[in-house]
Amino acid sequence: MNDVAFGLFALAYSGLVLFAVASSLRRLMPPMRAALGAFALSVLVHAATTLMIGEAASLALAFWGIPHLLILPLLLLSARRQTHSNGT
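Only a predicted model underlies this, so the values are computations on that prediction, with no experimental measurement involved. (Residues numbered from 1 in each chain as written. Predicted model: local features only at pLDDT ≥ 70, side-chain atom pairs only at ≥ 80, totals over all residues. Heavy atoms only, no water.)

Colleague: Just checking my understanding: could you explain the packing of helix H1 (residues 2-26) against helix H2 (residues 31-51) for this structure?
Modeller: Two packed helices can be described by the angle between their axes and the distance between those axes. Orientation of H1 relative to H2, taken along the N-to-C sense of each, is 130°, at an axis distance of 8 Å. Between H1 and H2, the angle falls in the class oblique. The interaxial crossing formed by H1 with H2 has right-handed handedness. Each of Tyr13, Val17, Leu18, Val21, Ala22, Leu25 and Arg26 in H1 lies in contact with H2, whose residues at this interface are Pro31, Ala34, Ala35, Gly37, Ala38, Phe39, Leu41, Ser42 and His46. Looking at the contact of H1 with H2, its residues break down into twelve nonpolar, three polar and one charged. (Axes fitted to C-alpha atoms, helices over the stretch in contact; angles between N-to-C directions. Helix = DSSP H or I, 4+ residues; strand = E, 2+ residues; numbered from the N terminus. Parallel < 35°, antiparallel > 145°, perpendicular 65-115°, else oblique. Left-handed = near helix turned anticlockwise from the far one by under 90°. Contact = heavy atoms within 4.5 Å. Nonpolar A, V, L, I, M, F, W, Y, C, P; charged D, E, K, R; others polar.)

Colleague: It is not clear to me how H2 should be interpreted in this structure. Could you clarify?
Modeller: Along an α-helix, a turn takes 3.6 residues, which lines up residues three or four apart on a common side. For H2, built from 21 residues, the straight-helix expectation of 30 Å at 1.5 Å per residue is met to within 8% by its first-to-last C-alpha distance of 30 Å. Of all the positions in H2, only Pro31, Ala34, Ala35, Ala38, Phe39, Ser42, His46 and Thr50 are classed as buried. What you see down the axis of H2 is that its buried residues fit within an arc of 135°, all on one side. Across from the buried face of H2, at angles greater than 90 degrees, the exposed residues are Arg33, Leu44 and Leu51. Looking at the buried positions of H2, the neighbouring elements they touch are H1 and helix H3 (57-86). (Expected span 1.5 Å × (residues − 1). Buried < 20%, exposed > 50% of the residue type's maximum accessible area, 1.4 Å probe, protein only. Arc of directions from axis to C-beta.)

Encoded structure:
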């Protein structure tokens, strides 16, 4: 049961982080670039911090990496819809 809770937490956290950062970047750039920029920033920050963990780095990378990769298609779909609706 704890594994499921941790997985749901990781998925929710990833979605919140990616969509919040993309929303902030949307003010500076087009939706698709904002989505990809949010993903790139998240990868840089999370990879750097999890690699500092040491032995458990691969587990920590999987904890944030898999949910981020699951959320990425939704983020890109949302950016694509914003692009078409705004004409930007």
